[in-house]
Amino acid sequence: MKIKQEKIDEELATILRKKRKKSHKSQWEVADEAGIDRSYLSEIECGKVSVSIAIARKIAKALNTSLSRMIKEVENNLPK
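From a predicted model like this one, the values you see are computed outputs, not experimental measurements.

Novice: Any details on the overall build of the protein chain? Residues and values, ideally.
Specialist: When you go through the protein chain residue by residue, the secondary structure sums to five helices and zero strands. Taken from N to C terminus, the helices and strands of the protein chain fall in the order α-α-α-α-α. Taken over the C-alpha trace, the protein chain has a radius of gyration of 12 Å; the compact-globule value for 80 residues is 12 Å, and the two agree within 12%. Its C-alpha atoms give the protein chain principal-axis dimensions of about 40 × 20 × 20 Å. In the protein chain, which comprises 80 residues, the share counted as buried stands at 36%. Restricting to contacts in the protein chain with at least 6 residues of sequence separation, those with at least 24 account for 60%. For the protein chain, the accessible area works out to roughly 5,400 Å², and carbon and sulfur atoms hold 51% of it.

Novice: Break down the nonpolar core for me, with residues and values.
Specialist: Membership of the largest hydrophobic core comes to 20 residues, with the highest contact counts inside it found for Leu16, Ile36, Ile44, Ile59 and Met70. For this core, the secondary structure elements donating two or more residues are helix H1 (5-22), helix H2 (27-34), helix H3 (38-45), helix H4 (53-62) and helix H5 (67-77). In terms of residue count, the dominant contributor to this core is H4 (five residues). Beyond its immediate sequence surroundings of up to four residues, leucine 16 is in contact with Ile44, Glu45, Ile59, Leu63 and Met70.

Novice: I'd like to hear about the layout of surface pockets, residue by residue, with values.
Specialist: One number sums up the size of the largest pocket: a volume of about 240 Å³. Around the largest pocket sit 14 residues that line it, and Ile8, Leu12, Val51, Ala56 and Ile71 are the ones nearest its centre. Listing elements by their share of the lining of the largest pocket, those giving two or more residues are H1, H4 and H5. Per-element tally for the lining of the largest pocket: the top contributor is H5, with five residues.

Here is what the cut-offs are and how they apply
Every chain is numbered independently, its residues counted from 1 as its sequence is written. Two thresholds apply to this predicted model, a pLDDT of at least 70 for residue-level local features and 80 or more for giving and counting side-chain atom pairs, whereas whole-chain, interface and lining totals are computed over all residues. Computation of side-chain values covers all heavy atoms of the structure but excludes hydrogens and water. Secondary structure elements follow DSSP: runs of H or I of four or more residues count as helices, runs of E of two or more count as strands, with numbering from the N terminus. Computation of the radius of gyration draws on C-alpha atoms alone. For the globule rule, the value is 2.2 Å times the number of residues to the power 0.38. The buried label goes to any residue with under 20% of its type's maximum accessible area, the exposed label to any with over 50%, and the partly exposed label to all in between, with areas taken from a 1.4 Å probe on protein chains only. Whether two residues touch is decided by their heavy atoms; if any such pair falls within 4.5 Å, the residues are in contact. Using a 1.4 Å probe, accessible areas were evaluated by the Shrake-Rupley method; residue-level cover was limited to the displayed protein chains. Throughout, nonpolar core names a set of buried Ala, Val, Leu, Ile, Met, Phe, Trp, Tyr and Cys residues whose side chains join them through atoms within 4.5 Å. Space inside and on the surface of the protein is sampled on a 1 Å grid over the protein atoms alone, with a cavity defined as a set of points where a 1.4 Å probe fits but cannot get out and a pocket as an open set with protein on both sides within 12 Å along at least 5 of 7 lines; lining residues have an atom within 4 Å of a point. Grid points are joined across faces, edges and corners, and a volume is the space filled by probe spheres set on the points.

Here it is in structure tokens:
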């Protein structure tokens, strides 16, 4: 089964948003720690843009998790 990029972006967005809220951090805090603009993080969390691995890694670090853990969660939520 071929999975569209948009679905992957949506799943990553959902996971990032949940992890950020669970960590009790604002978008401003996470964006600052990740070295990205807050509006860019907002677009990522809304699934409006695809994120590079490098940026996803920075965001994961800001959320005190690993990129591999986030990717695994995305994979687990995608249709089989």
